[in-house]
Amino acid sequence: MKAKQLSVFLENKSGRLTEVTETLGNAGINLSAMSIADNSDFGILRCIVSDPDKAYQVLKEAHFAVKLTDVIGFICPNTQGSLAVVLKELSAKGIFIEYMYSFANGNVAHVVIRPSDLDYCDKVLADMKVDLIAANDLYQL
């Protein structure tokens, strides 16, 4: 199941992440998950939030470079090798994972992926009986 993720481009300078989180917090938007990838000049904050459309608007209004991207969320057991089983099948079906982030909570791991083909990936995961996370459930984690 597709969900919306924010990608925010940030200069590598002190305080930029704070500005994003304050902007979202002041707008009543909660961060459910996030990941930061960076190089020497800039970083990309990828995050799942409680209201992605509103978050997009308030960040744009605050002059952040931001875009909405479709991703897929799923749950797998928080046990050794569980994620590898899912990723191996996706790979065998020709699905490339552009990026991924996850977090574990107790016996389960919540995983967010950006696959090369969202619709096909969604079908493969459903066929595997992987527990897909509905967008609204992902936004409220």
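Fair warning: this is a prediction, and the values are worked out from it, not measured in the lab.

Rules used in this analysis
- Residues numbered from 1 in each chain as written.
- Predicted model: local features only at pLDDT ≥ 70, side-chain atom pairs only at ≥ 80, totals over all residues.
- Heavy atoms only, no water.
- Helix = DSSP H or I, 4+ residues; strand = E, 2+ residues; numbered from the N terminus.
- Buried < 20%, exposed > 50% of the residue type's maximum accessible area, 1.4 Å probe, protein only.
- Contact = heavy atoms within 4.5 Å.
- Areas by Shrake-Rupley, 256 points an atom, 1.4 Å probe, with all protein chains shown as cover.
- Lys, Arg positive; Asp, Glu negative; His and termini not counted.
- Charge placed at Lys NZ, Arg CZ, Asp CG, Glu CD.
- Arc of directions from axis to C-beta.

Caption draft 1: Layout of the overall build of the chain. The number of helices and strands found in the chain is five helices and seven strands. Dimensions of the chain, computed from C-alpha atoms along their principal axes, come out at roughly 40 × 30 × 30 Å. When each of the 141 residues of the chain is scored for burial, the buried share is 39%. Contacts in the chain between residues far apart in sequence, at least 24 positions, make up 69% of those at least 6 positions apart. Looking at the chain as shown, the accessible area adds up to about 7,700 Å², and 49% of this sits on carbon and sulfur atoms. Charged side chains in the chain number 13 positive and 17 negative. The centres of these two groups are separated by 3 Å.

Caption draft 2: Up close: helix H2 (residues 52–61). Those residues of H2 that sit buried are Pro52, Ala55, Val58 and Leu59. Angular distribution of buried residues about the axis of H2 spans 125°; they occupy a single face of the element. At its buried positions, H2 is contacted by strand E1 (2–11), helix H1 (16–26), strand E3 (42–49), strand E4 (65–77) and helix H5 (135–139). Phi turns positive, to about 70°, at His63, one or two residues after H2.

Caption draft 3: Highlighting H1. Buried residues of H1: Arg16, Val20 and Leu24, and no others. Taken around the axis of H1, the buried residues stretch over an arc of 75°, which confines them to a single face. Gly28, located one to two residues past H1, shows a positive phi value of around 75°.

Caption draft 4: Layout of the environment of Phe103. In this structure, Phe103 sits in strand E5 (residues 97–105). By relative accessible area, which is 28% here, Phe103 ends up partly exposed. For the pair Phe103 and Asn78, spaced 25 residues apart in the sequence, the C-alpha separation amounts to 9.5 Å. Beyond its immediate sequence surroundings of up to four residues, Phe103 is in contact with Ser32, Ala33, Val108, Ala109, His110 and Leu141.

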